[in-house]
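In case you want the letters, here they are:
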Amino acid sequence: MLLVVDVGNTNTVLGLYDGEQLVHDFRIETAKGRTIDECQVLLLNLLQLAGVKPTEVRASILASVVPSFNDIIIDSVDRAFDHEIMIVGPGIKTGMPVLYENPREVGADRIVNAVAAFDRVGGASIVVDFGTATTFDCISAQGEYIGGAIAPGMEISANALFARAAKLPRSEITRPPRAVGRNTVHSMQAGIVFGYVGLVDGLVRRLTEEMQSDVTVIATGGLASLIEPESETIDEIDEYLTLEGLRLIYQRNC
């Protein structure tokens, strides 16, 4: 089995592949204070819950946007499974030209998503990843990573509102009954959710115009399922897009 690990600022998502089939996935907090021992125990416990023996995990690959957490994951995997984890970064084969001015500035997760999107669509596409930040990544019809946009994530935006407006109560981020809120909570939810939909659709339309191509827009990340039903530009959701990209990159380097 192949273990794929996507370390984000808030959550770390892990997947186990048997060939091309994702058979298990797990989501844990990216707790930067965890020790190697704690992380090793957590990995082994997750496998035990899934009924998988450590000896069945023959290889691993990591994409991370939290450099301070990398060594912990690397050493934990080495101890738990007795192999060296492959890391997505400079020098790894992705099969995708990166046309950023400085390719080293592009987050590993963004390249991984782009690789998975082009493999899925086979043409021009935009990936909207709803994470701590919301990233918009553009892939040309020729399979080139051409850039994109980064916006504050929905939870960051909501938390800023709760923190800076003393009289506004903290509320759940969920779809309100209507855009015209009739109480404070619904008014806040309308501004956060429908306002964010407007941000997403506006940016996607602008990116599409500049790409001068018909594109497929794929949403992924934790809040994709909340935004997609309200969006006029998102074509499909793939919650496992990043994990699939990691599998593809691993195959291209073996």
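For clarity, every value in this text was computed on a predicted model and none was experimentally measured.

### Some words on the overall build of the chain
Okay, so step 1: Summing up its helical and strand segments, the chain has seven helices and 10 strands in all.
Okay, so step 2: By principal-axis analysis of the C-alpha atoms, the chain measures approximately 55 × 45 × 30 Å.
Okay, so step 3: For the chain, the proportion of its 254 residues judged to be buried stands at 48%.
Okay, so step 4: In the chain, the share of contacts with a sequence separation of at least 24, taken over all contacts with a separation of at least 6, comes to 58%.
Okay, so step 5: Of the roughly 12,700 Å² that the chain leaves accessible, carbon and sulfur atoms contribute 47%.
Okay, so step 6: Put simply, the chain has 20 plus and 34 minus side-chain charges, and the middle of one group is 6 Å from the middle of the other.

### Observations regarding the packing of helix α3 (residues 108-121) against helix α7 (residues 241-252)
Okay, so step 1: Orientation of α3 relative to α7, taken along the N-to-C sense of each, is 85°, at an axis distance of 7 Å. With respect to α7, the axis of α3 lies roughly perpendicular. For the pair α3 and α7, contact is made by Val 112, Asn 113, Val 115, Ala 116, Ala 117 and Asp 119 and by Leu 241, Thr 242, Glu 244, Gly 245, Leu 246, Leu 248, Ile 249 and Arg 252, respectively.
Okay, so step 2: For the contact of α3 with α7, the residue count by class is eight nonpolar, three polar and three charged.

### Looking at the sheet that holds strand β5 (residues 86-87)
Okay, so step 1: Within the open sheet, the five strands sit side by side as β3-β2-β1-β4-β5. Their pairing is mixed. Either end of the sheet is taken by a strand with one partner, and the two such strands are β3 (21-29) and β5.
Okay, so step 2: Where strand β2 (residues 11-18) lies against β3, eight bridges are found, and the strand directions are antiparallel. Along β3, the bridge assignment pairs Val 13 with Arg 27.

### Regarding the pairing of strand β4 (residues 59-64)
Okay, so step 1: In terms of residue burial, β4 counts as a mostly covered element, since six of its six residues are buried.
Okay, so step 2: Both faces of β4 are covered, namely the face carrying Ala 59, Ile 61 and Ala 63 and the face carrying Ser 60, Leu 62 and Ser 64.
Okay, so step 3: Strand direction decides the pairing type here: strand β1 (residues 2-7) and β4, joined by six bridges, are parallel. Within β4, the residue paired with Leu 2 across the bridge is Ala 59.
Okay, so step 4: As defined by bridge partners, β4 adjoins β5 across two bridges and the pair is classed as parallel. Looking at β5, one finds that Leu 62 is bridged to Ile 87.
Okay, so step 5: Assessed by its sense of winding, the connection that carries the chain from β4 through helix α2 (residues 67-81) to β5 is right-handed.

### Some details on unusual backbone geometry
Okay, so step 1: Phi at Asp 82 is positive, roughly 60°, even though this residue is not glycine.
Okay, so step 2: With respect to the helices and strands, Asp 82 occurs in the loop between α2 and β5.
Okay, so step 3: Unlike most non-glycine residues, Gln 212 shows phi in positive territory, near 55°.
Okay, so step 4: Residue position: Gln 212 is located in the loop between α5 (184-211) and β9 (216-221).
Okay, so step 5: Residue Gln 212 is classed as exposed on the basis of its relative accessible area of 71%.

### Description of the sheet that holds strand β6 (residues 125-130)
Okay, so step 1: Taken together, the five strands give an open sheet; going across it, the order is β8-β7-β6-β9-β10, and neighbouring strands pair in mixed fashion. Only two strands of the sheet have a single neighbouring strand rather than two, namely β8 (145-152) and β10 (236-237).
Okay, so step 2: Sheet analysis places β9 next to β10, joined by two bridges and oriented parallel. Bridging from a neighbouring strand, Ile 218 pairs with Glu 236 of β10.
Okay, so step 3: In the packing of α3 onto the sheet, contacts are made with β6, β7 (133-139), β8, β9 and β10, and the angle to β8 comes to roughly 120°.

### Comments concerning the packing of aromatic side chains
Note on aromatic pairs: each is described by the distance of the centres and the angle between the planes.
Okay, so step 1: For the structure shown, the criterion picks out two aromatic pairs.
Okay, so step 2: Each ring, one from Tyr 100 and one from Tyr 145, has its centre 6.2 Å from the other, and the planes form 55°; the classification is tilted. Here Tyr 100, found in the loop between β5 and α3, pairs with Tyr 145, found in strand β8; they are 45 residues apart in sequence, far enough to count as distant.
Okay, so step 3: By relative accessible area, Tyr 145 is classed as buried at 0%.
Okay, so step 4: Arranged with centres 6.4 Å apart and planes meeting at 50°, the rings of Phe 130 and Tyr 196 form a pair that is tilted. With a gap of 66 residues between them, Phe 130 in strand β6 and Tyr 196 in helix α5 connect regions that are remote in the sequence.
Okay, so step 5: Given the relative accessible area of 5%, Phe 130 is considered buried.

Conventions used here
Residues numbered from 1 in each chain as written. Predicted model: local features only at pLDDT ≥ 70, side-chain atom pairs only at ≥ 80, totals over all residues. Heavy atoms only, no water. Helix = DSSP H or I, 4+ residues; strand = E, 2+ residues; numbered from the N terminus. Buried < 20%, exposed > 50% of the residue type's maximum accessible area, 1.4 Å probe, protein only. Contact = heavy atoms within 4.5 Å. Areas by Shrake-Rupley, 256 points an atom, 1.4 Å probe, with all protein chains shown as cover. Lys, Arg positive; Asp, Glu negative; His and termini not counted. Charge placed at Lys NZ, Arg CZ, Asp CG, Glu CD. Axes fitted to C-alpha atoms, helices over the stretch in contact; angles between N-to-C directions. Parallel < 35°, antiparallel > 145°, perpendicular 65-115°, else oblique. Nonpolar A, V, L, I, M, F, W, Y, C, P; charged D, E, K, R; others polar. Pairing = 2+ DSSP bridges. Right-handed = clockwise from strand over helix to strand, strands pointing away. Phe/Tyr/Trp six-rings, centres within 6.5 Å; stacked < 30°, edge-to-face > 60°.

Read these as spatial facts, not as claims about activity.
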